Amino acid sequence: ATAIAAAAVRRGVPVAVGYNLRFSPGLAWLRERLHAGVIGPVRIARAEVGQYLPDWRPGQDYRSGVSARRELGGGALLELSHELDYLTSLLGAPQSVAAMVSQTSELELDVEDCAQLLLGFTSSDGRRVSASVTLDFVRRDPRRRCTLVGRDGTLEWDSITGRATHFAAASGHTDVFEQPVADRDATYRAEWLDFAEAIMTGRSPLVGAEAGSRVVALVAAARLAASEGRVVALDGTGAREATEC
């Protein structure tokens with residue numbers, strides 16, 4: 001992934017990564033308000049996604065799909081890495097990761113069906129903050145949600161409903177953004193249009209190759225952290241050093 005990103009820069013070739021959640025209107029609303037400083041420095045964050053794997057593609061045998069097979073790059077960490085992408089796009093590169101990765105269900109897989117990560121970030125005022133990330137193939141009632149708790153309020157986005165909220169601590173008021181997800185393909189089309197425009201104009205795609213290489217490095221560091229019981233320190237591109245938990 002790093003080699004692809006470097007080659008793209010060297011050759012001047014636009015490369016886009018298929019993290020379509022970045023094109024969700026509710027996430028864009030949350031991002032705008034976060035960058036406007038409405039909740040102040042972030043103090044804690046949470047991203048979670050869960051859905052029972054056999055329900056993903058009705059009519060198909062989940063056991064033969066990419067998600068269930070290690071040889072095809074399956075597993076909760078890679079398949080559900082959208083959360084890692086959008087969270088790092090909101091908060092910046094994490095400085096550390098701890099993780100637990102497991103196969104907890106009766107599903108016939110040779111990959112993990114659950115992963116829980118704890119990422120260490122630095123907030124805009126220089127404080128160390130943590131973000132918890134839960135990724136799973138076992139939850140029977142689907143959920144995909146992001147919560148950012150700041151000094152001055154809270155931002156939350158529900159990807160399934162399209163609803164986002166901003167709670168302002170000073171006033172006690174909650175602003176609501178609602179755009180129901182009637183067309184599940186809309187974010188994919190928006191990403192393709194962004195990529196086409198990048199090709200025609202020469203600008204960088206919204207989700208470029210460096211975003212993909214950053215997430216792949218984070219997944220590798222999480223696997224190391226889980227397998228060795230360590231907190232792995234990161235330098236923004238991959239594992240730099242490890243210290244015992």
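To start, this report covers the structure provided alongside it.

### Observations concerning the packing of helix 2 (residues 25-35) against helix 4 (residues 82-91)
With their axes 10 Å apart at the nearest point, helix 2 and helix 4 run at an angle of 25° to one another. With respect to helix 4, the element helix 2 is oriented roughly parallel. Considering how the two elements wind past one another, helix 2 and helix 4 form a crossing that is right-handed. Taking contact as the criterion, the partners of L27, L30, R31, L34 and H35 in helix 2 are, on helix 4, Y86, S89 and L90. Among the residues forming the contact of helix 2 with helix 4, the class breakdown is 5 nonpolar, 2 polar and 1 charged.

### Re the pairing of strand 7 (residues 163-168)
With 6 bridges joining them, strand 6 (residues 153-158) and strand 7 adopt antiparallel strand pairing. The partner of E156 across the bridge, within strand 7, is T165. In textbook terms, the turn of a hairpin is the stretch between consecutive antiparallel strands, and for strand 6 and strand 7 this stretch comprises 4 residues, one of which, G162, has a positive phi near 85°. Two elements, strand 7 and strand 8 (residues 174-178), share 5 bridges in a ladder whose sense is antiparallel. Paired with R163 across the strands is E178, a residue of strand 8. Taking the residues between adjacent antiparallel strands as the criterion, strand 7 and strand 8 are bridged by 5 residues, where G172 takes a positive phi near 75°.

### Describing helix 2
Every buried residue of helix 2 is listed here: G26, L27, W29, L30, R31 and L34. If you follow the buried residues of helix 2, they end up packed against strand 1 (42-50), helix 4, strand 5 (143-150), strand 6, strand 7 and strand 8. Positive phi shows up at G37, right after helix 2, with a value of about 80°.

### Things to note about the pairing of strand 4 (residues 128-136)
In terms of strand pairing, strand 1 meets strand 4 through 7 bridges, oriented parallel. Residue V49 lies in a different strand from strand 4, and its bridge partner there is L135. Examined bridge by bridge, strand 3 (residues 114-122) and strand 4 share 9 bridges and lie antiparallel to one another. Paired with G120 across the two strands is S130, which belongs to strand 4.

### Brief notes about the side chain of S123
The residue S123 is located in the loop between strand 3 and strand 4 in this model. Engagement of the side chain of S123 in a polar contact is seen with the side chain of D125, the distance being 2.3 Å. Setting aside chain neighbours within four positions, we find S123 in contact with P41, V42, R43 and V129.

### Some words on helix 5 (residues 186-201)
Between its first and last C-alpha atoms helix 5 spans 22 Å; for 16 residues at 1.5 Å apiece the expected length is 22 Å, and the two agree. Listing the buried residues of helix 5 in full gives T187, E191, D194 and A198. Looking straight down helix 5, one finds that the buried residues subtend no more than 60° of arc, so they occupy a single side. Projecting away from the buried face of helix 5 at angles above 90 degrees are the exposed residues W192, L193, I199 and M200. Once helix 5 finishes, G202 follows within two positions and takes phi at roughly 85°, a positive value.

About the cut-offs
Residues numbered from 1 in each chain as written. Predicted model: local features only at pLDDT ≥ 70, side-chain atom pairs only at ≥ 80, totals over all residues. Heavy atoms only, no water. Axes fitted to C-alpha atoms, helices over the stretch in contact; angles between N-to-C directions. Helix = DSSP H or I, 4+ residues; strand = E, 2+ residues; numbered from the N terminus. Parallel < 35°, antiparallel > 145°, perpendicular 65-115°, else oblique. Left-handed = near helix turned anticlockwise from the far one by under 90°. Contact = heavy atoms within 4.5 Å. Nonpolar A, V, L, I, M, F, W, Y, C, P; charged D, E, K, R; others polar. Pairing = 2+ DSSP bridges. Buried < 20%, exposed > 50% of the residue type's maximum accessible area, 1.4 Å probe, protein only. Polar contact = N/O pair within 3.5 Å; in protein donor to acceptor, adjacent residues only side chain to side chain. Expected span 1.5 Å × (residues − 1). Arc of directions from axis to C-beta.

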